[in-house]
Each structure stands twice: as structure tokens, then as C-alpha cells.
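Observations on the model geometry
Given next are the chains, with one letter for each unit.
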Amino acid sequence: YAGGVIGYMSSSKVNSCLVYGNISISANSSVKAVYGYYSDFILTEEAKAEGKYSLNTEELVSGVSAMTAADVNAIFVAEVTVKDASGNALATDAVVGTGCTVTDGEYTATVIVTGDVDGDGLVNTTDVASVKASIKENAAIEGVFAKAADTNKDSKISSLDYIRIKLASKLG
């Protein structure tokens, strides 16, 4: 294992994942905080103190919705680049959604915005409809989008996740 900070989707050196949200990302959910420890691809002390972010070898969880690329950059010690799902660098004012990546050039993390099932960085009625269809019609939500839909992190998409995303969409 070559090191790295965050994990779910593979990158050049590390399986990585930035979970942006926790309905406490967009609303209110609980997540244990464990902070990164490799290189400078770690959270700032301010970000840790806010209690809205957690970083471990598997994920970074944020308690803030509609985060921009500049906001993401501000929570890391090192300067990072935020890219869309196609690998293009995002403007600093662009909203970061599920499927985006964050890299410092050495380590890479895939962004997961809890509740953001469509990758637009927001928790809205589109996400609510997708989760409802997943539950009622067995419409598959896969990959990082399934992780975004699983608000309570129990490895399944359930009516509790639907309710949390629905509430978050009304708060956002």
C-alpha cells in the first residue's frame, strides 16, 4: 500500500473518497471523525475543530452542503485541485458534487456529497426521486452515488435514507 488518505475509488496511488456531506453534510446525521495522516493531504486544524469534517483512509465527510471548489481547498493543509467527474479542473466558484475528485498531485480522493445522488453537489428533489425509485422500483443506484444515497452508512439504501434526503432537500 503506497499510502494515501482517503478511500473508495481507485486512483494512481490510493483508493480514495471524499464524502461531502452527511446530512449532516446537507442536514443532520452523525459521523465519527478520524483525521488524515499522510503528507499534507490532511484537514486543517480549523476544519477539524469545526467538527463538520472527518478524514480517514476511507473517506472525508463534510457537514456543509453546496460546497465550492474553493471551500474544499480551504479545508486541506496543502493546496488541492478539484476536478469534475471527467477530470477537468473546476473553477473556484464551481459547486463540488458526488463523483468529483480532489488531488494534491500525489493523492486523490473521490467526492461523495451525502444525499447528492445525481452529482450536482446539491441535495434536491431530483435526488429524492432517485432514492424513492431505488427503494420502490428497485432502480439501481451504484458506485459513489449509492454511497451518497446511504445517509446512515449501513450499506443499504432504505426508507430512512429517503426521509433524510427528503428533509435535507427542503433545508437546502
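For the structure itself, look to the data block above.
Structural notes, computed from the coordinates. (Residues numbered from 1 in each chain as written. Predicted model: local features only at pLDDT ≥ 70, side-chain atom pairs only at ≥ 80, totals over all residues. Heavy atoms only, no water.)

1. Thoughts on the overall build of the chain
Quick note on the threshold: Elements are defined by DSSP. Helices are runs of H or I of four residues or more, strands are runs of E of two residues or more, and each kind is numbered from the N terminus. Only protein chains enter the accessibility calculation, which uses a 1.4 Å probe; a residue whose area is less than 20% of its type maximum is buried, one above 50% is exposed, and one in between is partly exposed. Throughout, a contact is declared for two residues whenever any of their heavy atoms are within 4.5 Å. Shrake-Rupley sampling with a 1.4 Å probe provides the accessible areas, and residues are treated as covered by the protein chains on show and by no other component.
Along the chain, the regular secondary structure elements total 5 helices and 8 strands. Mapped from its N terminus to its C terminus, the chain presents α and β elements in the order β-β-β-α-β-β-α-β-β-β-α-α-α. Taking all 172 residues of the chain together, 48% fall into the buried category. Within the chain, contacts between residues separated by at least 24 positions form 55% of all contacts whose residues are at least 6 apart in sequence. If you sum the accessible surface of the chain, you get close to 8000 Å²; carbon and sulfur atoms cover 49% of it.

2. Re unusual backbone geometry
For Asn-138, which is not glycine, the phi dihedral falls at a positive 55°. Relative to the helices and strands, Asn-138 resides in the loop between helix 3 (125-136) and helix 4 (143-149).

3. Focus on a positive patch on the surface
Applied cut-off: Patch membership is restricted to residues that have no salt bridge and whose relative accessible area is over 30%. Joining uses 9 Å for like charges and 5 Å for the nonpolar side chains Val, Leu, Ile, Met, Phe, Trp and Tyr. The rule for a salt bridge is simple: a side-chain nitrogen of Lys or Arg has to be within 4 Å of a carboxyl oxygen of Asp or Glu. Here the positive residues are Lys and Arg and the negative ones are Asp and Glu; neither His nor the chain ends is included. The location of each charge is read from NZ of Lys, CZ of Arg, CG of Asp or CD of Glu.
There is a patch of like positive charges on the surface, built from Lys-132, Lys-136, Lys-166 and Lys-170. At the level of elements, helix 3 and helix 5 (159-171) are the ones that each hand at least two residues to the positive patch. If you trace the backbone, Lys-132 turns up in helix 3. Classification of Lys-132 as partly exposed rests on a relative accessible area of 39%.

4. What to know about helix 5
For the record, the criterion: Helices are assigned an expected span. That span is 1.5 Å times one less than the residue count. The arc in question is the one traced by the directions running from the helix axis out to the C-beta atoms.
Here helix 5 is 13 residues long and its end C-alpha atoms lie 18 Å apart, about the 18 Å a rise of 1.5 Å per residue gives. Burial in helix 5 covers these residues: Asp-161, Tyr-162, Ile-165, Ala-168 and Ser-169. The arc that holds every buried residue of helix 5, seen down its axis, measures 130°, which confines them to one face. Turned more than 90 degrees away from the buried face of helix 5 sit Leu-167, Lys-170 and Leu-171, all of them exposed. Next to the buried residues of helix 5 lie helix 3 and helix 4.

5. A word on the nonpolar core
As a reminder, the rule being used: To qualify as a nonpolar core, a set must consist of buried Ala, Val, Leu, Ile, Met, Phe, Trp, Tyr and Cys residues joined through side-chain atoms within 4.5 Å.
Judged by nonpolar contacts, the single largest core of 18 residues is most densely connected at Phe-41, Val-72, Ile-75, Phe-76, Val-96 and Val-102. Of all the secondary-structure elements, those providing two or more residues to this core are helix 2 (69-74) and strand 8 (108-112). Of all hydrophobic cores here, the second largest spans 10 residues; its members include Val-123, Val-131, Ala-149 and Ala-168.

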